[in-house]
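Results of the structural survey
These are the residues of each chain, in order.
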Amino acid sequence: PLAQRKLPPAGDAVLDASEVTKRFSGLVANNAVNLTVRAGEVHALIGPNGAGKSTFFNMISGVDDPTSGTVKLMGQAMAGKPSRAFAALGLGRTFQHVRLLGQRTVLENVALGAHLRGQRGWLSAMLRTDRKEEAALLAEARRQIERCGLLPYIDQPAASLPLGQQRIVEIARALTGQPTLLLLDEPAAGLRHLEKQSLAKLLAQLRSEGLAILIVEHDMEFVMNLADRVTVLEFGTVIASDVPAAVQADPRVMAAYLGGDLPGVHA
Ligand code: ADP
Ligand code: MG
């Protein structure tokens, strides 16, 4: 079997962003953002459209470099390093829009993530030039599928599953990289109520298994019920970072969401 990564003890900082600033010509998309994500914690990053959430995700995953400030992953300064260096240190992510091969099975889609970990790379694995490695990668994919409760659908084409389960397939695929920190960009978007509940249950399970999870999510009910900590961005600046109840009661946060009511949160 593939080597399993040992997760840090709960409470350890796995991601530490300090004074992260990103300028696009005249515009400050991230303004001295400080944010720490800890093992065994779900941390939500929220804020109105254009607040700088996706920019921040890019800064902390090696997609783009901050103009100034530092990003530390597992204690290591990441300036100038490519995304694969972030992945190698235990950063896994899913994307805002589902990226699955619809006609391929759940197993094949998840195995594609595992192949990225193989010694010989996915091409060799796809061509089955190394049967031992192929078997180990498939076993890893199956393990993550089971962990996510998708075993009954393992041989079904991904496109035949409802959106909620497709999102979970993507999480299973990210898990084959044995992440310490999982970044999820709007995982609940477009899901039905019961699908959101299943997703929340899975994320709570992964948290209890010791993962650190950072989510960008617009569904406030989902965020407030699940997150241990919520950081709010407005115009690139952190205006609040606290436990959900304190953030919900913060007048600056209410003001940032025009009209004074947090969407999805009822008094
Ligand atoms: P959010 O994800 O919170 O909606 P973004 O991080 O996408 O916000 O965007 C923050 C701000 O930065 C917006 O004003 C957006 O137009 C701007 N921005 C984002 N990416 C770029 C880019 N590559 N070039 C110029 N401006 C950008
Ligand atoms: Mg965005």
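Residues numbered from 1 in each chain as written. Chains lettered and ligands numbered in written order. Predicted model: local features only at pLDDT ≥ 70, side-chain atom pairs only at ≥ 80, totals over all residues. Heavy atoms only, no water.

A few words now on the overall build of the protein. Helices and strands together make up the secondary structure of the protein, namely 10 helices and 10 strands. Its C-alpha radius of gyration of 19 Å places the protein within 12% of the 18 Å reference for a compact globule of 267 residues. Seen through its principal axes, the protein has C-alpha atoms that stretch 60 × 40 × 35 Å. Within the protein, buried positions represent 48% of all 267 residues. (Helix = DSSP H or I, 4+ residues; strand = E, 2+ residues; numbered from the N terminus. Rg over C-alpha atoms; globule rule 2.2 N^0.38 Å. Buried < 20%, exposed > 50% of the residue type's maximum accessible area, 1.4 Å probe, protein only.)

Relative to the helices and strands, glutamine 144 is located in helix H5 (residues 131–147). A relative accessible area of 1% places glutamine 144 in the buried class. Not counting the four nearest positions on each side in its chain, glutamine 144 is found in contact with Ala172, Leu175, Thr176 and Gln178. (Contact = heavy atoms within 4.5 Å.)

Before going further, it helps to examine unusual backbone geometry. At serine 25, a residue that is not glycine, the phi angle is positive and equals roughly 40°. Along the chain, serine 25 falls in the loop between strand E1 (13–24) and strand E2 (27–38). A relative accessible area of 78% places serine 25 in the exposed class. One non-glycine residue, methionine 74, adopts positive backbone phi at about 50°. Within the secondary structure layout, methionine 74 lies in the loop between strand E4 (68–73) and strand E5 (76–77). Taking relative accessible area as the criterion, methionine 74 reaches 31% and is therefore assigned partly exposed.

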